[in-house]
Amino acid sequence: MVKDVIDFYYFSGTGNTLLVVQKMRDVFTEKGIPVNLHPMERSKPDNINLNHTIGLGFPIAELSTYNFVWNFIRGLPETDQNTEIFMVDTLAGISGGIVGPVYEIVKKKGYHPIGAREIVMPPNIFYIEDEETSKEKVQRGLIRAEQYAGELCTGNSQWDKSSIFSRTVYYTSLAGLKITESSVNQKLLHLKTDEAECKSCGICVKLCPVHNITMDEGKTPEHGFNCEYCLRCTSLCPRGAISCPFNYQGKTYHAVKAKEFLK
Ligand SMILES: Cc1cc2nc3c(=O)[nH]c(=O)nc-3n(C[C@H](O)[C@H](O)[C@H](O)COP(=O)(O)O)c2cc1C
Ligand code: SF4
Ligand code: SF4
């Protein structure tokens, strides 16, 4: 059961996870539990306060999550204070069981896992649904987020341990993430900016969580070969100038505006 201040560390590529995290924050706050939201891309795991309850929020990617999210989770310090921890992820439908492997990591470090939940939200990759379907899915997802936060407050939430199935998917997806990182893949799926459309506003440079985009003053930005494919830049470029080679007809999705990530 959450008793104390919550430090909620999250990453959200296109806004689904951010909406879920904000909804949970609102529930905790209503119950008198203070919450600090920390974007993972601007946080260091070794700086966390072990006297607070720790929340982790992130999207599912490739049946797993992004490498830098894993680095954050694996980088959490050990604790001998029985620090409470919970997680929430958002996904389009299939996760393959990340919940168990994260449980093992935090348990080994001495944390007290109090809850994990996977919340279906609209897909932001491959096939982007129409606006009405996406909105309905967001509403259903936020109801689940509200319920989950309530359960965390009353001590009724659970965190499943690793099953053999989830371990198998975990190790397979780690191999998938290695392929994503590989230079062959980074060259094949290199995001590109359309010079004619780009207005050199620099928003994409500020949005990229792994500093993979650089731009000389007044020029068109360049994408490096360190992309995590979170799709933030391509989904939130105000000019739609960045290619999205994964999505049907290049259509993109975003649940919030760019300014939400630039605060
Ligand atoms: C590169 C990439 C891989 C994804 N892989 C999966 C997946 O394996 N399973 C799934 O259900 N959704 C997958 N998704 C969809 C997202 O998990 C889902 O839309 C999520 O809510 C996005 O959260 P965000 O808006 O906070 O980034 C993937 C999305 C991206 C960009
Ligand atoms: S956000 Fe879009 S318009 Fe702005 S610099 Fe990047 S690619 Fe160009
Ligand atoms: S370049 Fe774009 S898709 Fe790749 S990690 Fe940065 S913001 Fe995400």
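Preceding block: the structure.
Predicted model, so just to flag it, every value in this text is computed and none were measured. (Residues numbered from 1 in each chain as written. Chains lettered and ligands numbered in written order. Predicted model: local features only at pLDDT ≥ 70, side-chain atom pairs only at ≥ 80, totals over all residues. Heavy atoms only, no water.)

> Would you take a moment to explain the overall build of the chain for this structure?
The secondary structure content of the chain amounts to nine helices and seven strands. Each principal axis of the C-alpha distribution contributes one length, and for the chain these read about 55 × 35 × 35 Å. By sequence separation, contacts in the chain at least 24 residues apart represent 78% of the contacts at least 6 residues apart. When the accessible surface of the chain is totalled, it reaches about 13100 Å², and 51% of it is carbon and sulfur. Within the chain, the 30 negative side-chain charges are centred at a point lying 0 Å from the centre of the 29 positive side-chain charges. (Helix = DSSP H or I, 4+ residues; strand = E, 2+ residues; numbered from the N terminus. Contact = heavy atoms within 4.5 Å. Areas by Shrake-Rupley, 256 points an atom, 1.4 Å probe, with all protein chains shown as cover. Lys, Arg positive; Asp, Glu negative; His and termini not counted. Charge placed at Lys NZ, Arg CZ, Asp CG, Glu CD.)

> How should I be thinking about the pattern of salt bridges in this particular structure?
Where side chains of opposite charge bring their charged atoms close, a pairing between them can arise. Under the criterion given, the structure shown has nine salt bridges. Of the charged contacts in the structure, one is a salt bridge between arginine 167 and glutamate 104, with a shortest N-O distance of 3.0 Å. Separated by 63 residues along the polypeptide, arginine 167 in helix H5 (residues 164-181) and glutamate 104 in helix H3 (residues 99-108) bring together distant segments of the chain. Residue glutamate 129 is joined to lysine 137 by a salt bridge in which the shortest nitrogen-to-oxygen separation is 2.9 Å. (Salt bridge = Lys/Arg side-chain N within 4 Å of Asp/Glu carboxyl O.)

> Explanation requested: the site of ligand 3 in the structure shown.
Close contacts around ligand 3 come from 14 residues, with Cys208, Cys227, Cys230, Leu231 and Cys233 the closest. Partitioning the shell around ligand 3 into residue classes produces ten nonpolar, two polar and two charged. (Near = heavy atom within 4 Å. Nonpolar A, V, L, I, M, F, W, Y, C, P; charged D, E, K, R; others polar.)

> Where do I start with a nonpolar patch on the surface in this structure?
Judged by side-chain polarity, Phe126, Tyr127 and Tyr248 come together as a nonpolar surface patch covering roughly 400 Å² of accessible area. Note that tyrosine 248 resides in the loop between helix H8 (232-236) and helix H9 (259-262). (Patch = residues over 30% accessible without salt bridge, like charges linked within 9 Å, V, L, I, M, F, W, Y side chains within 5 Å.)

> Before we go on, may I ask you to explain the nonpolar core in this structure?
One recurring pattern in soluble globular proteins is that nonpolar side chains are buried together. Ranked by internal contacts, the top residues of the largest apolar core, which has 47 residues, are Leu56, Phe58, Met87, Val102 and Trp159. Secondary structure elements with two or more residues in this core: strand S3 (53-59), helix H2 (67-74), strand S4 (84-91), H3 and H5. Filtering out sequence-adjacent residues up to four positions away, valine 102 remains in contact with Phe58, Trp70, Ile73, Met87 and Trp159. Grouped together as the second largest cluster of nonpolar side chains are 32 residues, Ile6, Ile114, Ala145 and Ala258 included. (Core = buried A, V, L, I, M, F, W, Y, C linked by side-chain atoms within 4.5 Å. Buried < 20%, exposed > 50% of the residue type's maximum accessible area, 1.4 Å probe, protein only.)

> In this structure, what is going on with the packing of aromatic side chains? I would like to understand it.
The description of two aromatic rings rests on the distance between their centres and on the angle between their planes. One pass over the structure, following the stated rule, counts eleven aromatic pairs. Centroid distance phenylalanine 11 to tyrosine 66: 5.8 Å. Interplanar angle 85°. Geometry classified as edge-to-face. Of this pair, phenylalanine 11 sits in the loop between strand S1 (6-10) and helix H1 (16-30) while tyrosine 66 sits in the loop between S3 and H2; the two residues are 55 residues apart in sequence, bridging distant segments of the chain. Looking at tyrosine 66, the relative accessible area reads 7%, which means it is buried. One aromatic cluster is present, formed by Phe8, Phe28 and Phe86 through successive ring pairs. For arginine 232, the ring lying beneath its charged end belongs to phenylalanine 261, and the centroid distance is 4.0 Å. (Phe/Tyr/Trp six-rings, centres within 6.5 Å; stacked < 30°, edge-to-face > 60°. Lys NZ or Arg CZ within 6 Å of the ring centre and 35° of its normal.)

> Teacher, can you tell me more about the site of ligand 1 here?
Looking at ligand 1, there are 24 residues lining it, with Ser12, Thr14, Thr17, Ile60 and Ile94 nearest. In this structure, an oxygen atom belonging to ligand 1 sits 2.8 Å away from a main-chain N or O atom of glycine 13. Separating an oxygen atom of ligand 1 from a side-chain N or O atom of threonine 90 is a distance of 2.8 Å. Considered on its own, ligand 1 offers 650 Å² of accessible surface; in the complex 93% of this is hidden by protein. (Polar contact = N/O pair within 3.5 Å; in protein donor to acceptor, adjacent residues only side chain to side chain.)

> Which parts of the structure should I look at to understand the environment of tyrosine 171?
Looking at where tyrosine 171 falls in the secondary structure, it is placed in helix H5. Judged by its relative accessible area of 55%, tyrosine 171 is exposed. Expressed as a C-alpha distance, the spacing of tyrosine 171 and valine 106, which sit 65 residues apart in the sequence, is 17 Å.

> Whenever I open this one, the pairing of strand S2 (residues 35-39) confuses me. Can you help?
In terms of strand pairing, S1 meets S2 through five bridges, oriented parallel. The partner of tyrosine 9 across the bridge, within S2, is histidine 38. (Pairing = 2+ DSSP bridges.)

> I tried to follow the sheet that holds S4 on my own but got confused; where do I start?
What holds strands together in a sheet is hydrogen bonding between their backbones, with the strands either parallel or antiparallel. A sheet is described by the order of its strands in space; here five strands give the open sequence S2-S1-S3-S4-S5, paired in parallel fashion. On the outer flanks of this sheet lie S2 and strand S5 (112-120), each paired with one strand and no other. Averaged over all adjacent pairs, the angle separating strand axes in this sheet is 15°, with direction ignored. Where S1 meets S3, five bridges bridge the pair, whose relative direction is parallel. Among the inter-strand pairings, phenylalanine 8 is bridged to a residue of S3, identified as glycine 55. Sheet strands in contact with H1 are S1, S2, S3, S4 and S5, and its direction is about 140° off that of S4. Helix H4 (residues 131-154) contacts S4 and S5 of the sheet and is inclined by roughly 165° relative to S5. (Axes fitted to C-alpha atoms, helices over the stretch in contact; angles between N-to-C directions.)

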